[in-house]
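The primary structure of each chain is shown beneath.
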Amino acid sequence: MNTKQLELIRLIDHALATAEQMGEIGQGEHLSTLIRALQTIKNQVVTGQLDSSKGISTLGLARGVADWIDSLDSPLLRAVGAIEQYYQNQYD
């Protein structure tokens, strides 16, 4: 596995941990959907099946979370934003 894949997995793991902490205080179906999406993306990275962003594609995570999160300064939104930024700028 290369450095870019390892960094993306690290960012995903951080977002998963943040999401799971929020789940302990009850965030519902939106949070479950996000966790499943993060796990799917992580599996794609591990198996080498995640397509390159080509510098323009996103994963849609930040936009999806921004639609339902209470605060736009949420640690979860920052975590998925970091994934999106890394994916778009480095995973090309």
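Residues numbered from 1 in each chain as written. Predicted model: local features only at pLDDT ≥ 70, side-chain atom pairs only at ≥ 80, totals over all residues. Heavy atoms only, no water.

Caption draft 1: Main features of the overall build of the chain. The secondary structure content of the chain amounts to four helices and zero strands. Relative to its length of 92 residues, the chain is compact, with a C-alpha radius of gyration of 13 Å against a globular reference of 12 Å. Buried residues in the chain amount to 35% of all 92 residues. For the chain, long-range pairs separated by at least 24 residues make up 70% of all intrachain contacts whose partners lie at least 6 apart in sequence. When the accessible surface of the chain is totalled, it reaches about 5,500 Å², and 48% of it is carbon and sulfur. Distance between charge centroids for the chain: 6 Å, based on 7 positive and 11 negative side chains. (Helix = DSSP H or I, 4+ residues; strand = E, 2+ residues; numbered from the N terminus. Rg over C-alpha atoms; globule rule 2.2 N^0.38 Å. Buried < 20%, exposed > 50% of the residue type's maximum accessible area, 1.4 Å probe, protein only. Contact = heavy atoms within 4.5 Å. Areas by Shrake-Rupley, 256 points an atom, 1.4 Å probe, with all protein chains shown as cover. Lys, Arg positive; Asp, Glu negative; His and termini not counted. Charge placed at Lys NZ, Arg CZ, Asp CG, Glu CD.)

Caption draft 2: Local environment of the environment of Gln-90. With respect to the secondary-structure elements, Gln-90 resides in helix H4 (residues 75-90). The spatial distance from the C-alpha of Gln-90 to the C-alpha of Ile-12 is 14 Å, given a sequence separation of 78 residues.

Caption draft 3: Representation of the confidence of the model for the chain within the structure. When pLDDT is averaged along the chain, the result is 92; 96% of the residues meet or exceed 70. Mean pLDDT across the elements of the chain bottoms out in helix H3 (residues 61-68) (92) and peaks in H4 (96). (pLDDT = per-residue confidence, 0-100.)

Caption draft 4: Fine view of a nonpolar patch on the surface. On the surface, Met-1, Leu-6 and Val-46 cluster together into a nonpolar patch covering about 300 Å² of accessible area. With respect to the element layout, Val-46 can be found in helix H2 (residues 29-46). Here Val-46 falls in the partly exposed class, since its relative accessible area comes to 44%. (Patch = residues over 30% accessible without salt bridge, like charges linked within 9 Å, V, L, I, M, F, W, Y side chains within 5 Å. Salt bridge = Lys/Arg side-chain N within 4 Å of Asp/Glu carboxyl O.)

Caption draft 5: Region of the structure containing the pattern of salt bridges. The full count for this structure, using the stated rule, is five salt bridges. For Lys-4, the salt bridge goes to Asp-92, with nearest N and O atoms at 3.9 Å. Of this pair, Lys-4 sits in helix H1 (residues 3-23) while Asp-92 is found in the segment after H4, placing the two residues 88 residues apart along the sequence. Of the residues examined, Lys-4 reaches a relative accessible area of 36% and is grouped as partly exposed. With a closest N to O distance of 3.0 Å, Asp-73 and Arg-78 form a salt bridge.

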